[in-house]
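Spelled out, the chains give:
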Amino acid sequence: MSTLNVGEQSIQVGGIAPNILALRAQDWGKVKFDIEFSLQHGTTYNSYLILGEQNILVDLPVTAGEDSPRYFQELLTVLERQLNLTEPQLPRLDYLILTHVEPEALASLDRLLELYPQLKILCSKMGAKFLRDLAPPEQSLPLEIVEGGDTLTLGQTVLQFLMAPNARWLDAMFVYLPVRKILFTGKVISTHFCSYSLLDDDLDLIREDIHHYFNSLLAPHARQLITALKRIEPLEIKIYAPGHGPLFRYHRRELLNLYRRWSEEQLELTEQVVLIYASAYGSTTTLAQAIARGLTKAGVAVEMLDVEQTDALTIQPALERSAGFIIGSPTISGHAPTPIQTALGVILATAKKSQPCGVFGSFGWSGEALDLIEGKLLDAGFTLGFPTIRVKFKPTDSTLQLCKEAGTDFAHAVRKARQPRPERVRATPAEQALGRLVGGLYLATARKGEVTGAMVASWVSQATFNPPGFSVAVAKDRAMESLLHRGDSLILNVVEEGKLLHRHFLQPFAPGADRFAGVSTRDGLNGAPVLTEAMAYIEAQVESRMDCHDHWLVYCVAQAGQIFQHAGRTAVHHRKSGTHY
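Residues numbered from 1 in each chain as written. Predicted model: local features only at pLDDT ≥ 70, side-chain atom pairs only at ≥ 80, totals over all residues. Heavy atoms only, no water.

**Quick look at the pairing of strand β30 (residues 551-563)**
So the rule is basically this: Strand pairing is assigned whenever DSSP identifies at least 2 bridges connecting the two strands. By definition, any uninterrupted DSSP run of H or I lasting at least four residues is a helix, any uninterrupted run of E lasting at least two residues is a strand, and each is numbered from the N terminus.
Here strand β25 (residues 469-475) pairs with β30 via seven bridges, running antiparallel. When the bridges of β30 are listed, V474 appears paired with W552. Taken together, the twelve bridges between strand β29 (residues 536-548) and β30 define a ladder with antiparallel strand orientation. In the strand pairing of β30, M546 is matched with L553. The antiparallel pairing of β29 with β30 creates a hairpin that spans two residues between the two strands, and H549 there sits at a positive phi of about 60°.

The structure is reproduced here in structure tokens:
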């Protein structure tokens, strides 16, 4: 295995089978991918070189922003070196297979075609459409479209193609190499995790990152993911070769079982929301994904419909099986795009007034489309589940956090609209006894980039002496949950008995609201807010998390702290039942 270094980036080259190389562009510092974070573990952009009578490259390390040319130049250097080893007289690349087309791919493709003019580009039908839309009208790309079930034979190399589309990646497909039993999975089965290890040597090390990738990107598309997984069930697979992160050889069965279980859990959710949207330059899609993440973390299933790529006939049945709907649109020349106007007409004719609704979108200079949609819905008697989200230009981290919180609030509104207030049921003796477990009152605060969060915590306990550590239970639908992953920092502020500091944080906050307005704070050493009216505080770092059904149990190691009131006593929270806080 070899590595070519250029600054902080590198291309890692590793053999995964005879004449098959993994080319992994490593980015140790990447922490942001639209709505999903890499949990501070960076990522890799994986390509694969299949050498034979005809040479094949699977995927490109295409990234957004200023890093993209650097990665691609490194790939060209490594590619030329590897092809020279097998064909020193006339190094040749015959095929490029794209399991998914990125908008930034065109410049890289142009350069690749300059170097290898005989190159043919294989992709799905939708992938070819995307490439043609991206290319100038006068440019003719050497595209060859493959369908699900197609087989390509190139001498001794045989490839099979299986379609794996979803609403986020409409062109996604799997590529199977039967002779080596390798499945190239692109973005559908991937992990944002950067390390020197080519393979999944330690599943526990990356398990949380796998789950986070699923929750951030795939949970809203669980039904389509299950369909894709069923297509690969008959295949004998020894290696899953993804577009990001390590390759899966040792834990491949467990990986697929996790994907199936998480997807089935999404389909078992009793409430569903349909999220209808269109996007001009990708920003509205990013907002849609963030709202969807908020919905799924609150236990509501999501059906996403990109109306520019979906038949309008699918909107009505989606509305009929949903408890609420959310519609997102860009503004183009002062109007909503035609597919959104068509969708709005279907909504007004089909949706029930009891269904909560939401409106969101991005725009360049004005947002008339959002005003139009909101006005039509309100005039028709619908109720908004959250204030309309208007984003100028590209969304920021705080905007995306607002969208997630709006999605979570919408999930609660859906449940309130669909489910009558449950009758109070007397707690069982075991539940009453559980309620006698006493906890203190604390305020957990955190900051990640420009996003801050705070929550009242009463399920807190010291967990270890050495290192000094504690655990805190966090409900999965809490906004703070996304700020408490492994490696994140937080501060646990201790509430003093007789003080009412915690009451400020018990009030309902609108999505994106400043939870610290009117509260005295200063920054701790780790950057999180210290509440100066607290009795004491502990600065800590999250070391691990455990999935406990409706909560995460977060284990933190204490790093610093201070007592403000030495004579004070910690406020205690007494309960009569273990069925609520």
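**A look at the pattern of salt bridges**
The line we're drawing: The term salt bridge refers to a pairing of a side-chain nitrogen on Lys or Arg with a carboxyl oxygen on Asp or Glu at a separation within 4 Å. Exposure categories follow from relative accessible area, calculated using a 1.4 Å probe and restricted to protein chains: below 20% of the type maximum is buried, above 50% is exposed, and the middle band is partly exposed.
Counting across every chain of the model gives 19 salt bridges. The salt bridge involving R92 is made with D94; its shortest N-O contact spans 2.7 Å. For D94, a relative accessible area of 7% gives the class buried. Measuring nitrogen to oxygen at the nearest pair gives 3.1 Å for the salt bridge that ties K448 to D488. Highlighted residues: K448 in strand β22 (residues 442-448) and D488 in the loop between β25 and β26 (489-494), separated in sequence by 40 residues. The pair K448 / D488 is uniform in exposure class, with both members buried.

**Description of the side chain of S482**
As a reminder, the rule being used: Any pair of N or O atoms that falls within 3.5 Å is considered a polar contact. Within protein, one atom must be able to donate a hydrogen and the other to accept it, and sequence-neighbouring residues count only if both atoms are side-chain atoms.
Assignment of secondary structure puts S482 in the loop between β25 and β26. Of note is the side chain of S482, whose polar atom sits 3.3 Å from the backbone oxygen of A479.

**Observations regarding helix α11 (residues 397-418)**
Under the convention used in this document: Between the first and last residue of a helix there are one fewer steps than residues, each counted as 1.5 Å, and that sum is the expected span.
Between its first and last C-alpha atoms α11 spans 32 Å; for 22 residues at 1.5 Å apiece the expected length is 32 Å, and the two agree. Those residues of α11 not exposed but buried are T399, L400, Q401, C403, K404, E405, A406, G407, T408, F410, A411 and V414.

**A word on the nonpolar core**
Heads up, the condition is: Among buried residues, those of type Ala, Val, Leu, Ile, Met, Phe, Trp, Tyr and Cys that are joined through side-chain atoms within 4.5 Å constitute a nonpolar core. Working rule for contacts: check all heavy atoms of both residues, and any pair within 4.5 Å makes them a contact.
Membership of the largest hydrophobic core comes to 35 residues, with the highest contact counts inside it found for L23, L57, L79, L93, L112 and L131. Elements with a minimum of two residues in this core: β2 (9-17), β3 (20-27), β6 (43-50), α1 (67-86), α2 (105-115), β9 (120-123) and α3 (125-134). For this core, the element with the most residues is α1, which contributes seven residues. Apart from residues lying up to four places away in sequence, L57 is in contact with L23, S47, Y48, L49, L75, L79, L93, Y95, L96, I97 and L112. Within the second largest apolar cluster, 31 residues are counted, among which are F193, L203, Y213 and W262.

**Topic: the packing of aromatic side chains**
So the rule is basically this: Planes of paired rings set the category: under 30 degrees apart is stacked, over 60 is edge-to-face and the rest tilted, where pairs are Phe, Tyr or Trp rings (Trp by its six-membered ring) whose centres lie within 6.5 Å. Any Lys NZ or Arg CZ that is within 6 Å of a ring centre and within 35 degrees of that ring's normal is treated as a charge sitting over the ring.
Taken as a whole and assessed by the stated rule, the structure comprises eleven aromatic pairs. For the pair F386 and F410, a centre-to-centre distance of 5.8 Å together with 70° between the ring planes defines the contact as edge-to-face. Note that F386 is positioned in the loop between α10 (368-379) and β20 (389-392) and F410 in helix α11, a separation of 24 residues in sequence. Since its relative accessible area comes to 3%, F386 is described here as buried. Counting every residue linked through ring pairs, the aromatic cluster contains F214, Y259 and W262. Over the ring of W552 we find K476, and its NZ or CZ is 5.1 Å from the ring centre. Taking NZ or CZ as reference, R545 lies 4.0 Å from the ring centre of W552, over its face.

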